[in-house]
Amino acid sequence: MVVMAERRTECTWKRHISDQLKLRDRVQRHTFEEIVQQYNRLLEKSDLQSVLSERYQTDKYEVQRGHESSPADPGRSDALQQEMAQIRIRHQEELTELHKKRGELAQSVIELNNQIQQKDKEIQINETRMSDYQQQIGGLEGDCRELRSSLQDLERANQTLKDEYDALQITFSALEEKLRKTTEDNQELVSRWMAEKAQEANKLNAENEKDTRRRQAKLQKELADAAKEPLPIEPDDDIEVLAEDGGKGCAGETSPNRQLSRTPSRKTSQQPPGGLLDSISNIFGRRRTANSCSASPEGTEASSGGCAEVRVPSTALHVFDAHDGEVNAVRFSPGSRLVATGGMDRRVKLWEVIAGRCEPKGALTGSNAGITSIEFDSAGSYLLAASNDFASRIWTVDDFRLRHTLTGHSGKVLSARFLLDNARIVSGSYDRTLKLWDLRSKVCMKTVFAGSSCNDIVCTEQCVMSGHFDKKVRFWDIRAESIVQELELMGRVTSLDLNHDRTELLTCSRDDLLKIIDLRSNAVRQTFSAPGFKCGADWTRVTFSPDGSYVAGGSADGALYIWNVLTGKLDRTLDRNHNSAINSVSWSPSGTYVLSVEKGSRAILWSDM
């Protein structure tokens, strides 16, 4: 096969040389054709001249012989001489012309020889190039053979990959079908779960209505029985009405200004029941004091018996500059003894509430950017703060020491919250992710992509609720890392807060509305608004009162708005002390104080004292 290839190569270049020579013959013959013809004519004339010269020599000899033979005719001899002279002159002219043409032709021949030499040199150069090209052709043919071999190997590998791809495609199709079926099953299960939850909520509401009707009937019966037997009351006595909530064990505080005094009666040896006393208080027009049980271990600091008396603020007790610049966050400790504020000066400051004033206790440092969110753990021993430097930090409250720094977000951390076990926290960021952190191992356990910037977070035992820039409130199952439900509002969600029994969710959004969502039915139960209320920022925080009977929020005009949850109406507006938009509001767990902070450096402690 190699010999045949060499023969084929040899025939190819020989044929190429022959074709080149023929082409040169066709091109150059036209150039030298006229010279060759003239040269041929010159040769013909030279031959003719030789013939004529020989003939003239012969004629000359004959004339001489005739002259010698006939010397008596001088006239003829002269004529012959003249004729010979003319012939000689003509021949001489023709000979001169021929010599001239011969010189020209010789010069043309020299030039043609030079051109031939140049062409020979060009031929040699072309032959050298042809040999180089032949070598290159040989090398390229070798490369071509190698490339063909590589191509065959690649084709085989490509076929193998194609077969594997087809197998993977079949597997992917099967998995995709399985995923679709699993998703459908999951949606069906979620729908069933939501339906069962709605049924349970309806059943619970029906039971509550029955219980309410039963209590009302019992109350009416007790009131009728009490009306039949009037109580003897001395004119100087004053009746102290005790508010009771049957079955819950929570009692209101007794007013220190009144003494309970009754004249003993033989007919009434026992105190009337709680429902009767409530009815009597309503008859006399006395306002019932709202009570709620504190959920924190330190709730005993606020009131005896573990219940909080909620006071609707009406007076600014203490106006002070909390930070050097904007104040973004505020939070009371579970015992209401301390309050923490966070600002753009990268500090968290602790204040002790003493006799209606906030006295500075210390500052928590370590953040590299402004503070966006503050949270105490349930015992009030640790403080968690989110920051604009993409991190969350935990300090101990007693010694102000930085204990943990949790980094991993790629954007500002806008909210961070302790879970109920205090061993894990959840953080939400501007990078559209939520992260679950384990404080024991100090690592991120899970990262969930939410799809939108997270502005605030609240937590229950197994569910995390997050408010987002895309106007949605998302409910996440911590164990499954999946969205259980989404609820879309009319504006960007800025704040979330839970009531004391974690059955209702308070939201604030940029459409200037506050809404209460019933977590048992996952529906909006109540909406609050006011003519002058306007949400001032994407991080404006609002709050429930400790007993869930009031909500408070700050407006862009510096006014503090308080709504009554039972009536759904605006209770009061406090608009005389702030100079800029209110960023955050916190209600103390004891129910006594409300602290509001603004975009300026000012913070105000409110109460009804």
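Residues numbered from 1 in each chain as written. Predicted model: local features only at pLDDT ≥ 70, side-chain atom pairs only at ≥ 80, totals over all residues. Heavy atoms only, no water.

Undergrad: Break down the pattern of salt bridges for me, citing the residues and quoting the values.
TA: Applying the stated criterion to the full structure yields 25 salt bridges. Note that Asp-518 is salt-bridged to Arg-520, the shortest N-O span being 3.2 Å. Judged by relative accessible area, which is 27%, Arg-520 ranks as partly exposed. The shortest N-O distance in the salt bridge between Asp-571 and Arg-572 comes to 2.9 Å. Accessibility expressed as a relative area gives 27% for Arg-572, which makes it partly exposed. (Salt bridge = Lys/Arg side-chain N within 4 Å of Asp/Glu carboxyl O. Buried < 20%, exposed > 50% of the residue type's maximum accessible area, 1.4 Å probe, protein only.)

Undergrad: Just give me the short version of the side chain of Ser-545, but keep the residues and values in it.
TA: Topologically, Ser-545 is positioned in the loop between β24 (543-544) and β25 (550-554). Note on Ser-545: relative accessible area 2%, which makes it buried. Of the polar contacts made by the side chain of Ser-545, one reaches the backbone nitrogen of Ser-549; its length is 3.2 Å. Filtering out sequence-adjacent residues up to four positions away, Ser-545 remains in contact with Val-310, Tyr-550 and Trp-587. (Helix = DSSP H or I, 4+ residues; strand = E, 2+ residues; numbered from the N terminus. Polar contact = N/O pair within 3.5 Å; in protein donor to acceptor, adjacent residues only side chain to side chain. Contact = heavy atoms within 4.5 Å.)

Undergrad: Kindly report on the environment of Thr-460, identifying the contributing residues and their values.
TA: With respect to the helices and strands, Thr-460 occurs in the loop between β16 (454-459) and β17 (463-468). Linking Thr-460 and Thr-503, residues 43 residues apart in sequence, is a C-alpha distance of 9.5 Å. If we ignore the near neighbours within four places in the chain, the residues touching Thr-460 are Leu-420, Met-465, Leu-498 and Arg-502.

Undergrad: Describe the nonpolar core, naming the residues involved and giving the relevant values.
TA: Ranked by internal contacts, the top residues of the largest apolar core, which has 15 residues, are Leu-506, Leu-514, Phe-528, Val-551 and Trp-563. Listing elements by their share of this core, those giving two or more residues are β21 (504-509), β22 (513-518) and β26 (560-564). Those residues in contact with Leu-514, other than ones at most four positions away along the chain, are Leu-506, Thr-507, Cys-508, Gln-526, Thr-527, Phe-528, Phe-533, Val-542, Val-551 and Trp-563. Judged by nonpolar contacts, the second largest core, of 14 residues, contains Phe-320, Val-330, Trp-351 and Val-597. (Core = buried A, V, L, I, M, F, W, Y, C linked by side-chain atoms within 4.5 Å.)

Undergrad: Would you mind going over the sheet that holds strand β6 (residues 348-354) in detail, with residue names and values included?
TA: One open sheet accounts for four strands, arranged β4-β5-β6-β7; its pairing is antiparallel. Single-partner strands in this sheet number two, and they are β4 (327-332) and β7 (357-364). Neighbouring strand axes in the sheet, compared pairwise and without regard to direction, differ in orientation by 25° on average. Taken together, the seven bridges between β6 and β7 define a ladder with antiparallel strand orientation. From the neighbouring strand, Glu-352 faces β7, where its bridge partner is Glu-359. (Pairing = 2+ DSSP bridges. Axes fitted to C-alpha atoms, helices over the stretch in contact; angles between N-to-C directions.)

Undergrad: Tell me about the confidence of the model for the protein, and please be specific about residues and values.
TA: Within the protein, residue pLDDT values average 81, and 83% of them lie at 70 or more. Mean pLDDT across the elements of the protein bottoms out in strand β1 (residues 291-293) (38) and peaks in strand β9 (residues 382-387) (95). (pLDDT = per-residue confidence, 0-100.)

Undergrad: Can you tell me about unusual backbone geometry, naming the residues and giving the values?
TA: A positive phi angle is found at Arg-432, which is not glycine, with a value near 70°. In this fold, Arg-432 is placed in the loop between β13 (424-429) and β14 (433-438). On the basis of relative accessible area, Arg-432 is assigned to the partly exposed category, the value being 41%. Of note, the phi angle at Arg-502 is positive, near 60°, even though the residue is not glycine. With respect to the helices and strands, the residue Arg-502 is situated in the loop between β20 (493-498) and β21. With relative accessibility at 37%, the residue Arg-502 sits in the partly exposed group.

Undergrad: Residues and numbers for empty space enclosed by the protein, please.
TA: This model, assessed by the stated rule, comprises three cavities of 30 Å³ or more. Along the wall of the largest cavity there are 11 residues; nearest its centre are Leu-436, Val-448, Val-464, Trp-476 and Ile-478. The set of elements that each furnish at least two residues to the lining of the largest cavity consists of β14, β15 (443-449) and β18 (472-477). The element that contributes the greatest number of residues to the lining of the largest cavity is β14, accounting for three residues. Here the lining of the largest cavity is composed, by residue class, of seven nonpolar, no polar and four charged. (1 Å grid on protein atoms, 1.4 Å probe; cavity = no way out; pocket = protein on both sides within 12 Å on 5 of 7 lines; lining within 4 Å. Points joined across faces, edges and corners; volume = space filled by probe spheres on them. Nonpolar A, V, L, I, M, F, W, Y, C, P; charged D, E, K, R; others polar.)

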